[in-house]
Amino acid sequence: MSDTKVYLLDGGTLVIDGFHVFWNRGPGGEVRFPCYAVLIEHKDGYYMFDTGYDFDHVMRVLPFEKPIQDKAQTIPGQLAALGLKTDDINYVINSHYHFDHCGGNKHLHKACTICHKKELEASANCQPFEHLGYSDLTFAPDILKKKNAGKELPPDPALDMFTPKFETVTGDQEIAKGIHLFETPGHTAGHYSLMVELKNRRPMLFTADACYTKKNMEMMCISSFHLDPTESVKSMKRLKELAEKHDAELFYSHDLESFKGYQTGANYYS
Ligand code: 5PN
Ligand code: ZN
Ligand code: ZN
């Protein structure tokens, strides 16, 4: 049986304001940051944690975030570079359903979709201030069709081809040997961070949007996109404690400086 491997799949970049990255602190001004997916090759199958953003969606709904993503940075492109097909992925785990974390789900037709029970509910019924975050519902064609009922939109045959099976979970979970989900709510209702244990190195702890950057952690400063700021701070503290307890290395979701030091593409962690 082969040992677990972790690949980071570069999904391009977006721009938001510095006051969004560091809530009530800034400084303001354009901050360009990376989005990436995590591919785990495990004895039980291929797991993908988050799937980045869809370029066309961002250009249509949030063009002010100035997406830069070439074909090689799409989910099909990133998998092809590893000699994999989209149908090879068995499980997709989404930290949460913001558009920059689930835009590639629609390509993974064979995968079972795992998320927190509260997150699936929130995506279909979000707070008004969360609408842009939850603007890409293509990961759940049934929810999207319900939302679009009554609107005069052309049908999208691609979505009829994609009928994902959902498996919702609650609490902390070891979903496969050495793959751990930790509840880190606040940024959204049902946010999960993920830790992967590996044979030859420290565990990798992916914060997802519970902590955008190393500087957010150092300053205990949350992003301005959140459902509950107090819960968000608690979750960031929890991540710090989990990293200490498990001697894990933190991998941040949207940190260009840190990302430059990460191993991407065929350079896996094991
Ligand atoms: C990158 C980004 N842009 C906008 C939003 C939003 O409205 O909620 C979350 C989010 C993002 O992560
Ligand atoms: Zn988010
Ligand atoms: Zn994000």
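Read on for an overview of the structure. All residue numbers here refer to positions counted from 1 along the written sequence of the relevant chain. For this description, chains carry letters from A and ligands carry numbers from 1, given in the order in which they are written. Whole-chain, interface and lining totals are the exception, using all residues; otherwise, since this is a predicted model, local features are given only for residues with pLDDT of at least 70 and side-chain atom pairs are given and counted only at 80 or more. Processing note: side-chain calculations cover all non-hydrogen atoms of the structure and skip hydrogens and water entirely.

1. Notes on the coordination of the zinc ion (ligand 3)
Operational definition: Coordinating donors are taken to be N, O and S atoms lying within 2.8 Å of the metal, or within 3.2 Å when the metal is Na, K or Ca; because water is excluded from the atom set, some sites may appear incomplete. Irregular is the label for any site that misses the other tests, which are tetrahedral for four donors with all angles between 85 and 135 degrees, and square planar for four donors or octahedral for six when opposite donors exceed 155 degrees and the remaining angles lie between 65 and 115.
Looking at the metal site, the zinc ion (ligand 3) is ligated by Asp 100 (OD), His 101 (NE2), Asp 209 (OD) and His 254 (NE2), spaced 2.1 to 2.2 Å from it. Classification of the site at the zinc ion (ligand 3) rests on its four donor atoms, whose angles at the metal span 86 to 148°, yielding the label irregular. Summarised as a motif, the one-chain spacing of the donors to the zinc ion (ligand 3) is D-H-x107-D-x44-H. A distance of 3.7 Å spans the gap from the zinc ion (ligand 3) to the zinc ion (ligand 2), which Asp 209 bridges by coordinating each metal.

2. Focus: the sheet that holds strand E11 (residues 249-252)
Definition in use: A pair of strands is considered paired only if DSSP assigns at least 2 bridges between the two. Starting at the N terminus, helices and strands are each numbered in turn, a helix being any DSSP run of H or I of at least four residues and a strand any DSSP run of E of at least two. To obtain an axis, a line is fitted to C-alpha atoms, over the contacting stretch when the element is a helix, and the angle between two such axes runs from 0 to 180 degrees between their N-to-C directions.
Strands sit in the order E7-E8-E9-E10-E11 across an open sheet of five strands; the sheet is mixed. Looking along the sheet, the strands with just one partner apiece sit at the ends: strand E7 (173-176) and E11. Across the sheet, the axes of successive neighbouring strands diverge by a mean angle of 25°, strand direction being ignored. Direction of pairing for strand E9 (residues 192-196) relative to strand E10 (residues 204-208): antiparallel, over a ladder of three bridges. Counterpart to Met 195 in the pairing with E10 is Leu 205.

3. Observations concerning the site of ligand 1
Stated precisely, the cut-off is as follows: Throughout this document, a residue counts as near a molecule or strand when at least one of its heavy atoms sits within 4 Å of that molecule or strand. Think of a polar contact as two N or O atoms within 3.5 Å of one another; within protein, one of them needs to be a possible hydrogen donor and the other a possible acceptor, and neighboring residues in sequence only count if both atoms come from side chains. Using the Shrake-Rupley algorithm and a 1.4 Å probe, accessible areas are obtained, with residue cover drawn only from the displayed protein chains. Amino acid classes used here: Ala, Val, Leu, Ile, Met, Phe, Trp, Tyr, Cys and Pro are nonpolar; Asp, Glu, Lys and Arg are charged; the rest, including Gly, are polar.
Ile 16, Phe 33, Glu 65, His 98, Phe 99, Asp 100, Leu 132, Gly 133, Tyr 212 and Phe 225 make up every residue found near ligand 1. Side-chain polar atom of Asp 100 to an oxygen atom of ligand 1: 3.4 Å apart, as the coordinates give it. At a separation of 3.3 Å, an oxygen atom of ligand 1 approaches a polar backbone atom of Gly 133. Expressed as a share of its isolated accessible area of 300 Å², the protein-covered part of ligand 1 is 95%. Per-class residue counts for the shell around ligand 1 are six nonpolar, two polar and two charged.

4. Section: the sheet that holds strand E2 (residues 30-42)
The pairing of strands in a sheet happens through backbone hydrogen bonds and is either parallel or antiparallel. The strand order across the open sheet formed by six strands is E1-E2-E3-E4-E5-E6, and the pairing between neighbours is mixed. The open sheet terminates on both sides in strands that have one partner only, identified here as strand E1 (5-17) and strand E6 (165-169). The sheet shows a mean angle of 20° between the axes of neighbouring strands, taken without regard to direction. Examined bridge by bridge, strand E3 (residues 45-49) and strand E4 (residues 91-93) share three bridges and lie parallel to one another. Note that in E4 the partner of Tyr 47 across the bridge is Tyr 91.

5. Re the pattern of salt bridges
A side chain with one charge may pair with a side chain of the opposite charge, provided their charged atoms come close. Short version of the rule: Salt bridges are defined as contacts in which a side-chain nitrogen from Lys or Arg sits within 4 Å of a carboxyl oxygen from Asp or Glu. Note on classification: 1.4 Å probe, protein chains only; a residue is buried when its accessible area is under 20% of the maximum for its type, exposed when over 50%, partly exposed between these limits.
For the structure shown, the criterion picks out 14 salt bridges. Of the charged contacts in the structure, one is a salt bridge between Asp 54 and Lys 106, with a shortest N-O distance of 3.3 Å. In this pair, Asp 54 sits in the loop between E3 and helix H2 (55-61) while Lys 106 sits in the loop between helix H4 (99-102) and strand E5 (112-116), placing the two residues 52 residues apart along the sequence. We note that Asp 54, like Lys 106, is buried.

6. Comments concerning helix H6 (residues 141-148)
Since the α-helix packs 3.6 residues into each turn, any two residues three or four apart lie on the same face. What counts here: This arc is taken over the directions from the axis of the helix to the C-beta atoms. Only heavy atoms matter for contacts: two residues are in contact if any of them lie within 4.5 Å across the pair.
Taken together, the buried positions of H6 are occupied by Pro 141, Ile 143 and Leu 144. Around the axis of H6, the buried residues are gathered within 160° of arc, so they sit on the same side. Of the residues in H6, the exposed ones pointing more than 90 degrees away from the buried face are Asp 142 and Lys 146. Along its buried surface, H6 packs onto helix H5 (117-124) and helix H7 (157-160). After H6 finishes, the residue Gly 150 shows a positive phi value of roughly 90°.

7. What to know about the pairing of E7
Strand direction decides the pairing type here: E7 and strand E8 (residues 179-183), joined by three bridges, are antiparallel. Each residue of the ladder has a partner; that of Glu 174, found in E8, is His 180. Between E7 and E8, which pair antiparallel in sequence order, lie two residues; one of them, Gly 178, sits at a positive phi of approximately 85°.

8. A few points about the coordination of the zinc ion (ligand 2)
Here the zinc ion (ligand 2) is held by the protein donor atoms His 96 (NE2), His 98 (ND1), His 187 (NE2) and Asp 209 (OD), which lie 2.1 to 2.2 Å from it. Its four donor atoms give the zinc ion (ligand 2) angles of 91 to 167° at the centre, a pattern that matches the irregular case.

9. Concerning the nonpolar core
In plain terms, the rule: Residues belong to one nonpolar core when they are buried, are Ala, Val, Leu, Ile, Met, Phe, Trp, Tyr or Cys, and are joined through side-chain atoms within 4.5 Å.
In terms of nonpolar packing, the biggest core is built from 38 residues, with Val 6, Leu 8, Leu 194, Leu 205 and Phe 206 touching the most fellow members. Counting residues per element, the ones that place at least two in this core are E1, E2, E3, E8, E9, E10, helix H9 (229-246) and E11.

10. Regarding the environment of Phe 139
Counting through the fold element by element, Phe 139 comes out in the loop between H5 and H6. As a C-alpha pair, Phe 139 and Arg 60 span 79 residues in sequence and 17 Å in three-dimensional space.

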